Amino acid sequence: MKKRSISPTKKRSSKASLIIKVTLLLVASLVICVTAYAVYLTKQVEHAADSAYEELEGREVSTQRVEKVEPVQDNVSILFVGVDDSDNRGQGSDHSRSDALVLATLNNKTHTIKMLSIPRDSYVYIPKVGYKDKITHAHAMGGTLTTIETVEELFDIPINYYVRMNFNAFIDVVDALGGIEAEVPYALHELDEFDKFTINLQPGLQHLNGSQALALARTRKQDSDIERGKRQQEILTSIIKKVASVKSVTKYDDVIKALGDNMKTDMTFTEMKSFLSYLSKGAPRIDSLTLDGTDDTSTGIYYYQLNQDSVEETKEIFKNHLGLNEQSSSLTSGNTGTDSAASNDDNSVTE
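What counts as what
- Residues numbered from 1 in each chain as written.
- Predicted model: local features only at pLDDT ≥ 70, side-chain atom pairs only at ≥ 80, totals over all residues.
- Heavy atoms only, no water.
- Helix = DSSP H or I, 4+ residues; strand = E, 2+ residues; numbered from the N terminus.
- Buried < 20%, exposed > 50% of the residue type's maximum accessible area, 1.4 Å probe, protein only.
- Contact = heavy atoms within 4.5 Å.
- Areas by Shrake-Rupley, 256 points an atom, 1.4 Å probe, with all protein chains shown as cover.
- Pairing = 2+ DSSP bridges.
- Axes fitted to C-alpha atoms, helices over the stretch in contact; angles between N-to-C directions.
- pLDDT = per-residue confidence, 0-100.
- Salt bridge = Lys/Arg side-chain N within 4 Å of Asp/Glu carboxyl O.

### Thoughts on the overall build of the protein
The helix and strand inventory of the protein stands at 10 helices and 14 strands. Relative to its 351 residues, the protein shows a buried fraction of 47%. Once local pairs closer than 6 in sequence are excluded, the contacts in the protein between residues at least 24 apart make up 67%. Surface summary for the protein: the accessible area is close to 18500 Å², and the carbon and sulfur share equals 54%.

### Description of the sheet that holds strand β11 (residues 263-265)
Where strands meet in a sheet, backbone hydrogen bonds hold them as pairs that are either parallel or antiparallel. What the 6 strands build is an open sheet, ordered β11-β6-β1-β2-β3-β12; its pairing is mixed. Edge positions in the open sheet fall to β11 and β12 (285-289), since each of these has one partner strand only. Averaged over neighbouring strand pairs, the angle between their axes works out to 20° when direction is ignored. Sitting on the sheet, helix α5 (residues 225-244) touches β1 (76-83), β2 (98-107), β3 (112-117) and β12, and the angle it makes with β3 is about 145°.

### Thoughts on the confidence of the model for the protein
Looking at the protein, the pLDDT average stands at 80 and 73% of residues meet or exceed 70. Looking over the protein, one finds the lowest element-wise mean pLDDT in helix α9 (residues 330-333), namely 35, and the highest in strand β4 (residues 123-126), namely 98. Scored below 50 in pLDDT, residues 346-351 shows 13 contacts in the model against residues more than four places distant or in partner chains.

### Quick notes on the pattern of salt bridges
Within this structure, the stated rule accounts for 14 salt bridges. Note that K114 is salt-bridged to D287, the shortest N-O span being 2.8 Å. Here D287 lies in strand β12 and K114 lies in strand β3, a separation of 173 residues in the sequence.

### Describing unusual backbone geometry
Phi angles above zero are rare outside glycine, and D156 is one such case at about 55°. Residue position: D156 is located in the loop between α2 (137-155) and β6 (161-166). Of note, D195 is a non-glycine position whose phi angle comes to about 60°, a positive value. Along the polypeptide, D195 turns up in the loop between β8 (188-190) and β9 (199-201). Under the relative-accessibility criterion, D195 is labelled partly exposed at 27%.

Here it is, written out as structure tokens:
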């Protein structure tokens, strides 16, 4: 019987076909793996967001603003509350004083942020108790809700969202981003998060890890609470810019993991994603504000007496930025007030 010969062309065709099939299989497997990881990451992110979510009882929206805001289209305000949950100092999130208070307003049209660090010893009216005291005591008197109501009373604006973080969250977020750049004003020998003197920093622009950034944010021994507030704003600005940078996108999963157990907020998962889309447009312009005041020890207790003119000026800056000043007059004109915020934005006093 005559053997049937197989042509070299057929052999090459079969081999090429096999290579194509294997390649397609590998590509398909890669796509499946990437998709599976994306789904896993989304679920992980959603779980962390759900763990962090905390709706304050009796406060669906701010009493200063009846309608609920939409972060994608509205100008919004966020109050960042830093607390010390350290067992070493007998503190806890429910009865601890706030160690840092930073108020930020975001204007969608101008893609800008106004940021203010409120001095912790500011002598202000606390609605819950009906008298004046240090603003840091508001959290100990009634938790996050009392702190929010006190800040709303001070500036006559709605606080749309809050973010309460303890020291662990702050440290882990900075570390997840690979550290941040910050200006160290003078040589520092400070306590770390374990109350040990392990933080040693030299003056100048430094690349800081989480523990070092926290020590820089908290120190006030060599200057004042006002300078401390400025440092906190600078550090928060560095974090925002790092998150907004393209190279940090792959680190979002680590950042969100850090927040799950160490942060509480009334933002939903969907609202968090809206704020990420705000940053995806690029780093916003951030204007830092300060509150003028004077040191007061006339009662034997140290207070920071706020300058009322400074409070009023800051109040107007926030209202303009949120578009609230024109909302009352726009009821008859049909305007939304956003244009007012934009036009007044460059006229705001910043420091």
